[in-house]
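Next come the chains, spelled out residue by residue.
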Amino acid sequence: MTTSTRGTAFARKALPAVLVLEDGRTFRGRAYGAVGETFGEAVFSTGMTGYQETLTDPSYDRQIVVATAPQIGNTGWNDEDDESARIWVSGYVVRDPARVPSNWRAKRSLDDELVAQNVVGISGIDTRALTRHLRERGSMRAGIFSGEAVGSETELLARVQAQPHMKGASLYEEVATKEAYVVPAVGAKRFTVAAVDLGIKGMTPHRMAERGIEVHVLPATATEEDIYAVSPDGVFFSNGPGDPATADGPVALMTAVLKRKTPLFGICFGNQILGRALGFGTYKLKYGHRGINQPVQDRTTGKVEVTAHNHGFAVDAPLDQVSDTTFGRAEVSHVCLNDNVVEGLQLLDQPAFSVQYHPEAAAGPHDAAYLFDRFVSLMEAQRA
């Protein structure tokens, strides 16, 4: 939830602001972006570039994002790099905002865009100390208050503690498209894919289109009949926000696709949905993986990739054995080398796989782009 007001940039930057965490820790700084109040789950992202893609990623719905890079806003804001039609983060926390953007593609400053989209932020705080606190205590509910919204810490803390938790939150329908649309293939059309939007990023269908795939993006409420009405060669389940334990509808839909043995690919939330469809559980990570520098090993090749992540939940599947499921044998195909979190699943007896991270990452790294080729290979084999 966000309430805000606008004003001149100079006047806004002179206003006090405070970040209040649910455990009572507070950080005082200056207003950044819109002035007012906002609530969400405080998380940190370690990317040094790509803040525009981060802010417009629907997976960050209802989250207050802390940028660990010390200076943010250097490249301003352009009209090409958005991953969706709007900013989804509920708040933004930076240490040292750029005074003037400097990039030939910039159309306006980051500060101006935050104001235009009513995103309340805070600057001038010790984001290193805040990040260390979240790493030790875990991601937690928080509020940013600036201008007239700043009150007594006791009152503000009570308001933060009254907010809902991320665990148990069902958010994917909030961010998904309401109407189906088509992203045409680039060049000759080779395949048709039905993509279930649970919070899809714009670069995802683009990466498929680059490979000759016509992508039919469908709402999160799509049915089995909706998927097969487009005669798909493959089905894709996207990233998205919230707790996968609440996503019974998408799990049932994916189960129907698996029964038909249609080639299937899932990313992030889609990986968690596949995990649930195969009978595995999911759980909330202490502080999640968010950034563009996570090392992941593809166990099918032994290759180690530097990858982009944004997830606070993970699949609970055994790392050291092949599991028997309703749809045949399944195994963990990718694992994070920092903490052994499951980063990918694959079925061994039919064409279905998923990864927890983001191979489409527009801001890079692009080590995992081959996964779209792997999806193409599954559809080629099925067609043959």
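Predicted, not measured: the structure shown is a model, and the values here were computed from it.

Section: the overall build of the protein chain
On a plain count of helices and strands, the protein chain comes out with 11 helices and 21 strands. Over its C-alpha atoms the protein chain spans a radius of gyration of 21 Å, differing by no more than 12% from the 21 Å that the globule rule assigns to 384 residues. Seen along its three principal axes, the alpha-carbon backbone of the protein chain occupies a region of about 65 × 40 × 35 Å. Residue burial in the protein chain is summarised as follows: out of 384 residues, 57% are buried. Put simply, of all contacts in the protein chain between residues at least 6 apart along the chain, 76% involve residues at least 24 apart. Taken as a whole, the protein chain presents about 15300 Å² of accessible surface, with 48% of it coming from carbon and sulfur. Separation between the mean location of the 38 positive side-chain charges and that of the 46 negative ones in the protein chain comes to 4 Å.

Observations regarding the UniProt feature "active site" (unreviewed entry) in the protein chain
Per the UniProt record, the feature "active site" (unreviewed entry) sits at C268, H358 and E360. Across 93 residues of sequence, these annotated residues stay compact in space, with a maximum C-alpha separation of 11.2 Å. For C268, the location among the structural elements is in the loop between strand 15 (264-267) and helix 10 (269-277). Ignoring sequence-local partners within four residues, the contact set of C268 consists of N239, N310, H311, V355, Q356, Y357 and H358. As for its position among the elements, E360 is in the loop between strand 21 (352-355) and helix 11 (370-383).

Considerations on the pairing of strand 10 (residues 140-146)
With 7 of 7 residues buried, strand 10 is to be regarded as a mostly interior element. Strand direction decides the pairing type here: strand 2 (residues 16-21) and strand 10, joined by 5 bridges, are antiparallel. Note on strand 10: the bridge partner recorded for L21 is A142. Strand direction decides the pairing type here: strand 4 (residues 35-45) and strand 10, joined by 6 bridges, are antiparallel. From the neighbouring strand, E41 faces strand 10, where its bridge partner is R141.

About the cut-offs
- Residues numbered from 1 in each chain as written.
- Predicted model: local features only at pLDDT ≥ 70, side-chain atom pairs only at ≥ 80, totals over all residues.
- Heavy atoms only, no water.
- Helix = DSSP H or I, 4+ residues; strand = E, 2+ residues; numbered from the N terminus.
- Rg over C-alpha atoms; globule rule 2.2 N^0.38 Å.
- Buried < 20%, exposed > 50% of the residue type's maximum accessible area, 1.4 Å probe, protein only.
- Contact = heavy atoms within 4.5 Å.
- Areas by Shrake-Rupley, 256 points an atom, 1.4 Å probe, with all protein chains shown as cover.
- Lys, Arg positive; Asp, Glu negative; His and termini not counted.
- Charge placed at Lys NZ, Arg CZ, Asp CG, Glu CD.
- UniProt positions renumbered as here; feature names shortened; annotations may be inferred.
- Pairing = 2+ DSSP bridges.

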